[in-house]
Amino acid sequence: MIVYLKNTGQKDRVELGGKAFNLGKLIQNDFRVPEGFVVTTEAYSLFLKNNNLVELINNKLSNINYSNYDMIENCSREIQEAIKKSTLPLDVVERIREAYDNLYTTSVAVRSSATAEDLQTASFAGQYDTFLNLKTLGQVTQNIKSCYASLWTSRAIAYRYENRIPQRGVKLAVIVQEMIPAKCAGVLFTMNPVSMNKKELIVESNYGLGESIVSGQCSPDQFLVKRESHHGTREFTILDTQIGKKNVAIYPKTLETESGTVLTELTENENKCSSLTNQQIIRLSQLGSQIEKFFKTPQDIEWAISQDDKIYILQSRPITSLVPVTPEEDVYWSRGYSDDYWNDPVTPLFFDLLGDPLTNVVSVELNNIMGYKGIDTKLLKLYNGHVYFNLNVLRNRVKYEIPKIFRNEDLLNYFPEGSGLYGKETMKNLPFRIFIRIFSEIRIMLHDPNGSMSKTAPTYYDWSENEFEPFCEEFDLKLESLSKSGDLLGLADLAYELDRVMVAHYRLIRYGLAVHNIGMNLMLQYLLTKFLGKEDSLRFYPVLISGLEHKLTETNDDLRYLASIIQKTPELESIINEHDSQNLYEYVSSEKNPTVQSFYKELESFLEKFGERGFTREVYYPRWNEEPRYVFDILKTLVKGKGQDYKQIKEKQLKYREKIEKYVEAKIQSQRFGFIKWLLCSKILDSARTYLIFREDQRYNLDRWTYRNRKVYLEIGKIFKQKGILKETDDIFFLHRREIKKLLEQSDLEISSLIKMRRDEFFKYEYTIPPKFLHASREFDDVFQYDQDSLSFRGIPASQGILTSKIRVINKIEEISSIQMGEILVVPKTDPGWTPVFSKLGGLITETGGILSHGAVVSREYGVPAVTNITSACQLFKTGQVVTINGYNGTVVIKK
């Protein structure tokens, strides 16, 4: 009834169970497995017999209707209760005691090993229980009974039924094994179970015990390894490294009197760093291949690495259910592209409002026009309140539209590390389909001539002035009338009318942003690198595209004008600084003082002109004209200290740009064929500038569209609340459009719990940077290269300059008034609502984005050094630290 693992050679699978049988084979063939013994299935049978449990189990099973889950649950509960109340035979306990005393270890693991386990067709993974870090004989015997009981959980009964495994024939052995207090552990698949590629291995890992992975309590690190044979020698190459959002790890309790495990929250550094070294990954891959060769079939292996760096095998079983995932499941999603173009927290309604036209008009319709085949129609995913882009779509865009020579670091930042299907190395070397690209340009000329470089911008400005502007005026009048009458269906029609008028916007920005803006800027960077060298290109490109006039600079100019009025009037300055932003608008609007009234008129003029803007695009958040406190937060920051003269900054920046442009022109003109080179370069530069301006101007219209969506849906929400459909008016933002449509037709639907769940999720992730990549339900990030002791960091150089100054870390717009003159601002991301304070900044560091991200563009306008894409910057840097930021090479160094 008791067999040591090292002596299982004469025993069969029926006596040992699948797990113990395989471990015994491994030990006997010199694989490192923790020492232990097996309480065989004979002991289990004796236990059932002595406690009269066989008849009870048979009776309960004979009465089950397997289509009735409650009956399965009741049967399971009664069998388990009977097992736990029963006692182990005395001679079995004595033999367990003898074997336990011979282990010479202070703690053990007790693991189930069933006869119908680890088969080729059904693994029973996770069906039966394991108990870790047990320190007394009493704990061991008690948990052996718990393992017996786990054979009869409702899920195990149902699983056997579904896999046509006889309930009465299954038996359970139990392994009692030395506990390995692992520094890291995980699983290893010797064949890629997703792609079914036999040349690929997958290693998953976390700190501590592997229980955090097999129980699904963490999103582990994942490593894709390629296995190749050369002249009889196997070589292993790490293709992809995906740092999971681990968050927690499980460790054994350390006190001698304590058994069991503890769930521990990982530090920020542990969460961002790899739990394995490259050397350990290769060693595991080599070991896994040896085990696969021994069992002659691909294996699913559980492993642990001890504190002295030895690898132990805890389990090995055949990989079962080798069914490839569907194309819908096997999609990689990236937040990298969103960081540049849609980095706000997102409600379900706004995901539809903006996401549907981006998918249907900007992606699917454009792909059809350009003749692209085989591109996914699903462009976007909403996950934890943030938007992700489909990497398959981005991959095909790169393949069809961007030659290899233009694929710089900024573009490759959208993709994960490595040389897998979507890895940066793969994308860098992906063949460019030049003939498809030429063919697509011809199709645009024939089917959508406004998509040409020369027509997109002027056509857009014509639409904005002659169609969108009049529509907004008409919309506002209709909204006022429909709101007074409470016409619910009329309001819904008005919302859809707003969508229809914006189709023209999306049909132009799909070229202006996705093709012309990105394409011209990539081409400009390439030409500068080709003609001047990489170092000069990095120095001059940000300057050449700075100093542009658009709606954002116009907004900021007017805010600076308001600040200058305050600074010139001590009385006003005192009022602004002493009153809370929340109450300032009411105060200045009611104050009879002529000076205050004069300022109030200027403020009203600003809100009339730009009040439809806000600190984010998300429709849930109020605009400036609804919540002027956000404007006062900005003004409070601008009037602190002396402040910089923004006009002087702009003039200085423009003169510097002109100087650099003349220098670049002269240097290129002096080369062979210099006239032609500069002619080409200057044309591309003009186009790059045009579409950077275009980008900010279309964003202004998008703000105006967002404002009107907010107004009309709040009116719909107000009526829904009056009818008792919604608890709060702004609950409307946590419904998808199809759900709102259904409520218009059927108002008695129960949606309160759904709204609460979505609200909770939105606010939970409102100010957090989510994982950069997703694959199915798996989260992962780029490889984290720093720890708490790091002093030097590197990101993407986004705006030139070198500065040594203090850090100011802020995470939300409400903290913006804390910024002091000359500080280096560290933020997760920026948005137009943040930018007026840039004139006070010494420099900018962001966690996300690239050289065309919003923060980078505005930093260049203000002439402050900026470095983007330093992962976890808000955790790495602390307010008050002194650092040197270098906007030429993208480094930030902490001064000691």
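Residues numbered from 1 in each chain as written. Predicted model: local features only at pLDDT ≥ 70, side-chain atom pairs only at ≥ 80, totals over all residues. Heavy atoms only, no water.

Undergrad: Can you tell me about the packing of aromatic side chains, naming the residues and giving the values?
TA: Applying the stated rule across the entire model yields 41 aromatic pairs. Taking 5.4 Å as the distance between ring centres and 45° as the angle between the ring planes, the aromatic pair formed by Y460 and W463 counts as tilted. Here Y460 and its partner W463 are both found in helix α17 (residues 453-485), 3 residues apart, which amounts to about one turn of the helix. Its relative accessible area of 3% is what places W463 among the buried residues. Ring centres of Y620 and Y621 lie 5.3 Å apart, and the angle between their planes is 80°; this geometry places the pair in the edge-to-face category. Pair check on accessibility: Y620 and Y621 agree, each one buried. In this structure an aromatic cluster arises from ring pairing among F615, Y620, Y621, Y630, F733, F734, F762 and F763. Between the NZ or CZ atom of R160 and the centre of the ring of W152, over which it lies, the distance is 4.9 Å. (Phe/Tyr/Trp six-rings, centres within 6.5 Å; stacked < 30°, edge-to-face > 60°. Helix = DSSP H or I, 4+ residues; strand = E, 2+ residues; numbered from the N terminus. Buried < 20%, exposed > 50% of the residue type's maximum accessible area, 1.4 Å probe, protein only. Lys NZ or Arg CZ within 6 Å of the ring centre and 35° of its normal.)

Undergrad: Kindly report on the environment of E591, identifying the contributing residues and their values.
TA: Following the sequence through the fold, E591 ends up in the loop between α22 (581-590) and α23 (594-610). The partly exposed category is assigned to E591, whose relative accessible area is 24%. Residues within four places of E591 in sequence aside, it is in contact with V596 and Q597. Here N593 takes part through its backbone nitrogen, which lies 3.4 Å from a polar atom of the side chain of E591. (Contact = heavy atoms within 4.5 Å. Polar contact = N/O pair within 3.5 Å; in protein donor to acceptor, adjacent residues only side chain to side chain.)

Undergrad: Give a detailed account of the sheet that holds strand β15 (residues 380-383), specifying residues and quantitative values.
TA: One open sheet accounts for 11 strands, arranged β13-β12-β6-β7-β8-β9-β18-β17-β14-β16-β15; its pairing is antiparallel. Both edges of this open sheet fall to β13 (311-318) and β15, since each of them pairs with a single strand only. Neighbour to neighbour, the strand axes of the sheet diverge by 30° on average, direction disregarded. Its contacts with the sheet put helix α10 (residues 278-295) on β6 (184-189), β7 (200-207), β8 (221-230), β9 (233-244), β12 (299-305) and β13, and the angle it makes with β9 is roughly 125°. Lying on the sheet, helix α12 (residues 348-370) is in contact with β15 and β16 (386-390); it crosses β15 at an angle near 165°. (Pairing = 2+ DSSP bridges. Axes fitted to C-alpha atoms, helices over the stretch in contact; angles between N-to-C directions.)

Undergrad: Explain helix α6 (residues 137-150) to me, and be specific about the residues and the numbers.
TA: End to end, α6 covers 20 Å across 14 residues, agreeing with the expected 20 Å (1.5 Å per residue, within 8%). Taken across its 14 residues, α6 has 11 buried, putting it largely inside the fold. Here α6 has its buried residues at L137, V140, T141, N143, I144, K145, S146, C147, Y148, A149 and S150. (Expected span 1.5 Å × (residues − 1).)

Undergrad: Describe the nonpolar core, naming the residues involved and giving the relevant values.
TA: Judged by nonpolar contacts, the single largest core of 131 residues is most densely connected at Y506, W705 and Y713. Among the elements that make up this core, the one with the highest residue count is helix α18 (residues 488-532) (15 residues). Here Y506 is in contact with L353, L354, P357, L358, V361, V362, L702 and W705, once residues within four sequence places are set aside. (Core = buried A, V, L, I, M, F, W, Y, C linked by side-chain atoms within 4.5 Å.)

Undergrad: Explain the packing of α22 against helix α24 (residues 629-639) residue by residue, including any values.
TA: Interaxial distance between α22 and α24 falls to 8 Å at its minimum, and their mutual angle equals 105°. The orientation of α22 with respect to α24, classified from their angle, is roughly perpendicular. In this structure, α22 uses S581, Q582, L584, Y585 and V588 to contact α24, whose residues at the interface are R629, F632, D633 and K636. Partitioning the contact of α22 with α24 into residue classes produces 4 nonpolar, 2 polar and 3 charged. (Parallel < 35°, antiparallel > 145°, perpendicular 65-115°, else oblique. Nonpolar A, V, L, I, M, F, W, Y, C, P; charged D, E, K, R; others polar.)

Undergrad: So what's going on with the sheet that holds strand β19 (residues 792-794)? Residues and values would help.
TA: Ordered by their spatial adjacency, 8 strands build an open sheet running β19-β26-β25-β21-β22-β23-β24-β20, and the pairing between neighbours is mixed. Of all the strands in the sheet, just β19 and β20 (796-799) have a single pairing partner and so form its edges. Neighbour to neighbour, the strand axes of the sheet diverge by 30° on average, direction disregarded. Taken together, the 3 bridges between β20 and strand β24 (residues 866-868) define a ladder with antiparallel strand orientation. Bridge pairing in β24 places S799 opposite A866. Contacts from helix α29 (residues 854-862) reach β20, β23 (843-846) and β24 within the one sheet, and its direction differs from that of β20 by about 45°.

Undergrad: I'd like a description of the pairing of β13, backed by residues and values.
TA: Burial runs high along β13: 8 of the 8 residues are buried. Relative to β13, β12 runs antiparallel, the two sharing 7 bridges. Note on β13: the bridge partner recorded for W303 is I313. Count of turn residues in the β12/β13 antiparallel hairpin: 5 residues, of which D309 carries a positive phi of about 70°.

Undergrad: Before we move on, can you summarise the pattern of salt bridges with the specific residues and values?
TA: The full count for this structure, using the stated rule, is 44 salt bridges. The salt bridge involving E228 is made with K226; its shortest N-O contact spans 3.5 Å. Accessibility expressed as a relative area gives 30% for E228, which makes it partly exposed. Take K226: its relative accessible area is 31%, and that puts it in the partly exposed class. Residues D356 and R737 are paired through a salt bridge, measuring 3.1 Å at the closest nitrogen-oxygen approach. Residue D356 is located in helix α12, and its partner R737 is located in helix α27 (residues 737-745); the two are separated by 381 residues in the primary sequence. The buried category is assigned to R737, whose relative accessible area is 13%. Each of E469, D476, E612, R704 and R708 takes part in a single network of salt bridges with overlapping partners. (Salt bridge = Lys/Arg side-chain N within 4 Å of Asp/Glu carboxyl O.)

Undergrad: Tell me about the state of the cysteines, and name the residues and values.
TA: Per the counting criterion, the structure on display carries 0 disulfides. Lacking any disulfide linkage, C273 is separated from the closest cysteine sulfur, that of C184, by 13 Å. (Disulfide = S-S within 2.5 Å.)

Undergrad: If you had to explain the confidence of the model for the protein to someone new, which residues and values would you point to?
TA: When pLDDT is averaged along the protein, the result is 89; 96% of the residues meet or exceed 70. Note that pLDDT drops below 50 for residues 118-126; the model gives that stretch 31 contacts with residues more than four away or on any other chain. (pLDDT = per-residue confidence, 0-100.)

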